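Tertiary structure, described
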Amino acid sequence: MLDIVKEKVKNNQRITPKEALALYDYNLLDIAPIANEIRLKKHGKKSFFNVNRHINPTNICKDTCKFCAYSATRKNPNPYTLTIDEIVAIAKDAANKGAKELHIVSAHNPNVGLNWYFDAFRAIKKELPNIHIKALTAAEVHFLSTEYNLSYDEVLDMMIESGVDSMPGGGAEIFDETIRDKICKGKVDSKNWLLIHQKWHERGRQSNATMLFGHIEKREHRIDHMNRLRELQDKTKGFNTFIPLVYQRENNYLKVEKFLTANEILKTFAIARIFLDNFEHIKAYWATTTINLALVAQEFGCDDLDGTIQKESIQSAAGAKSANGISQDELVGLIKNSGFIPVERDSLYNELKVW
Ligand code: V47
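Note that the structure is a prediction, hence the values are computed from the model and not measured.

1. Some words on the packing of aromatic side chains
Taken as a whole and judged by the stated rule, the model has ten aromatic pairs. An angle of 40° between the planes, with centres 5.8 Å apart, marks the rings of Phe49 and Trp355 as tilted. Taken together, the positions of Phe49 in strand β1 (residues 46-50) and Trp355 in the segment after β10 (351-354) put the pair 306 residues apart, joining distant regions of the chain. For Trp355, a relative accessible area of 30% corresponds to the partly exposed category. Its end group placed over the ring of Phe340, Lys45 keeps NZ or CZ at 4.1 Å from the ring centre. Note that Arg345 overlies the ring of Tyr349, its terminal NZ or CZ placed 4.2 Å from the centroid.

2. Points about the pairing of strand β6 (residues 239-246)
The buried fraction of β6 amounts to eight of the eight residues, a majority that puts the element mostly inside the structure. Judged from the six bridges that link them, strand β5 (residues 207-213) and β6 form a sheet pairing that is parallel. Residue pairing for β6: Phe213 is matched across the bridge by Val246. Taken together, β5, helix α10 (residues 219-236) and β6 form a β-α-β motif whose crossover is right-handed.

3. Considerations on the site of the ligand
Not every one of the 22 residues close to the ligand is listed here, only the nearest: Lys134, Gly169, Gly171, Glu173 and Gln248. Separating an oxygen atom of the ligand from a side-chain N or O atom of Asn208 is a distance of 2.9 Å. Within the backbone of Gln248, an N or O atom sits 2.8 Å from a nitrogen atom of the ligand. Within the complex, 96% of the 620 Å² of free accessible area of the ligand lies under protein. Taking a 2 Å distance to the grid points as the criterion, the majority of the atoms of the ligand fall inside the largest cavity.

4. Overview of empty space enclosed by the protein
The tally for this structure, following the rule as stated, stands at three cavities of 30 Å³ or more. By volume, the largest cavity is sized at about 730 Å³. What lines the largest cavity is a set of 40 residues, among which Gly170, Gly171, Glu173, Ile314 and Gln315 lie closest to the centre. Mapped by element, the contributors of at least two residues to the lining of the largest cavity are α6 (138-147), β5, β6 and α14 (314-317). Here the residues of the lining of the largest cavity are counted per class, giving 18 nonpolar, 14 polar and eight charged. Put simply, the second largest cavity is a space of about 50 Å³. Lining the second largest cavity are Glu101, His132, Lys134, Ser166, Asn208, Asn240, Thr241, Lys283, Arg345, Ser347 and Tyr349. At the level of elements, β4 (132-135) and β6 are the ones that each hand at least two residues to the lining of the second largest cavity. In terms of residue class, the lining of the second largest cavity is built from one nonpolar, six polar and four charged.

5. Points about the pairing of β4
Neither face of β4 is exposed, since His132 and Lys134 on one face and Ile133 and Ala135 on the opposite face are all buried. Where strand β3 (residues 101-104) meets β4, four bridges bridge the pair, whose relative direction is parallel. Bridge pairing links Glu101 to His132 in β4. A crossover connection joins β3 to the parallel β4 through helix α5 (residues 114-127); in handedness this β-α-β unit is right-handed.

6. Some thoughts on the sheet that holds β10
Hydrogen bonds between backbone atoms are what pair the strands of a sheet, whose relative direction is either parallel or antiparallel. In spatial order, the strands read β8-β1-β9-β10; together these four strands make up an open sheet with mixed pairing. The sheet terminates laterally at β8 (304-307) and β10, the two strands that pair on one side only. Neighbour-to-neighbour, the strand axes of the sheet open up by a mean angle of 30°, direction not taken into account.

7. Here we look at the sheet that holds β6
Taking strand neighbours across the sheet as the criterion, the three strands line up as β5-β6-β7 in an open arrangement whose pairing is parallel. Of all strands in the sheet, those bounded by a partner on one side alone are β5 and β7 (281-282). The sheet contact formed by β6 and β7 spans two bridges and is parallel. Following the sheet pairing, Thr241 is matched in β7 by His281.

8. Comments concerning the nonpolar core
Across soluble globular proteins, nonpolar side chains show a tendency to be buried alongside one another. If you look at the biggest cluster of nonpolar residues, it comprises 113 residues, and the most contacted ones within it are Ile124, Met159, Trp193 and Phe242. A total of eight residues in this core trace back to one element, the largest contributor, which is helix α11 (residues 262-275). Residues contacting Trp193, with those up to four places away along its chain left out, are Ala138, Gly169, Gly170, Gly171, Ala172, Phe175, Val188, Asn208, Ala209, Leu229 and Phe239.

Rules used in this analysis
Residues numbered from 1 in each chain as written. Predicted model: local features only at pLDDT ≥ 70, side-chain atom pairs only at ≥ 80, totals over all residues. Heavy atoms only, no water. Phe/Tyr/Trp six-rings, centres within 6.5 Å; stacked < 30°, edge-to-face > 60°. Helix = DSSP H or I, 4+ residues; strand = E, 2+ residues; numbered from the N terminus. Buried < 20%, exposed > 50% of the residue type's maximum accessible area, 1.4 Å probe, protein only. Lys NZ or Arg CZ within 6 Å of the ring centre and 35° of its normal. Pairing = 2+ DSSP bridges. Right-handed = clockwise from strand over helix to strand, strands pointing away. Near = heavy atom within 4 Å. Polar contact = N/O pair within 3.5 Å; in protein donor to acceptor, adjacent residues only side chain to side chain. Areas by Shrake-Rupley, 256 points an atom, 1.4 Å probe, with all protein chains shown as cover. 1 Å grid on protein atoms, 1.4 Å probe; cavity = no way out; pocket = protein on both sides within 12 Å on 5 of 7 lines; lining within 4 Å. Sits in = over half its atoms within 2 Å of the grid points. Points joined across faces, edges and corners; volume = space filled by probe spheres on them. Nonpolar A, V, L, I, M, F, W, Y, C, P; charged D, E, K, R; others polar. Axes fitted to C-alpha atoms, helices over the stretch in contact; angles between N-to-C directions. Core = buried A, V, L, I, M, F, W, Y, C linked by side-chain atoms within 4.5 Å. Contact = heavy atoms within 4.5 Å.

Take it as geometry only, folks, not as evidence of what the structure does.
This is the structure in C-alpha cells:
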C-alpha cells in the first residue's frame, strides 16, 4: 500500500480514504518523507505565522459540549461578557502591538442580543479599518440563526456588512454523527457546518477548517472528517488551511483515559498533508500541540504554526500552555533555529515579511 501511495503522490494523483486510513499502520518515519516532500514542493522551507490577537468576548454558552473547559455553563466558574467598549479597547491595544488579525470567537450567549455580536465588529472596523477580522465560527452562525430566527444567508450577509473578513475553522469537531452526538449534541450538525462554509465561500470569502482529535474518535473518523472537507474544497476552493486540534484534557466532562502520543499526532498531520491534496496549508496550531511539537511538525507536512495570539482562553482553560501567546521574536527565532524560514503572513496567506 505504501508503494501505491508513493506512486500516486509522485504522479500528483489523489489517494483514497481507504489508503489514507491504511497509512496509519505504517511507521511514522515511513510516511513522513511522503508528507514532507509535498510540503517542500508547495512551500519549500517556508513556515508561516501571523501576528494576531485572540479575543473571546463572552464565555456564557447555551451549548454544552463535553470537551469544553471554557464555557461558564460547564466547569469554568468565572462567567464574563465584555462590553463593546472593552472589545474595542483590546482590539486597539492589539493593533498598537502589531496585530494584523483579530480572531474573535465567542460562546453562544443568548443574553446579549443579536446586535452585540455585529456592533462589536462595526465598532472595531470604525477605529481600525485595516485590521482583518476573522470571526464567528459556523457554530456561532448556526446559534445566531436559530436563536434569532434568521437564515444562514441572512447571518452571513450581516457578517459581511459589519466588517467580518474571514471565518475561523472552529466548531467542526468531528463530523461523524455518532461521535459528534456523544461530545457536542445540540451544536451545529456536520451537514450544516459544511453548508455554512459553502455559503460563505460562495460569497467569495475564505475560511479555515479544524478537526478536534484525540478524544473518543477513532482513526477512521478522522479520515471521514478530512474526506468531507476535501469534497467541499473541490467544490468551492474556499478553505485556506486545515487545522487538526489536539484535544486538551483538563477541566471538562469528557472522560478520556488514553491520550494521544506524539507519534499519533505527527502521523495525523502527515496523513492530512498527503490526503488533502486540495488544501494549500496544514497548520500545527501550537496552542494545542505545544510549541515544541509544532516545530517538529514542520518536518511532517505542516507549513503554518498559527500566530502570536497574545491571549488564549479556550485551549488554555483545558490545560494548554497558551494563555499568554508567544512573542514574535521568540516564534521567529524558534522557526529559524529549527531549520525553516519564518514568513509573516496575513490572514489570507499573502507574504508580509520573509526572515
Ligand atoms: O471548535 C474546545 C476547540 C475550537 C477544546 O481558524 C478544544 O485559524 C482542544 O477553532 N481541547 C476553537 N481543543 C478554536 C479554533 C481555532 C483555533 C486557532 C485557529 C483557528 C483558525 C481556529 O477549540 C473549538 C474546539 O474544537 N476546543 N475545547 C479542548 N478541550
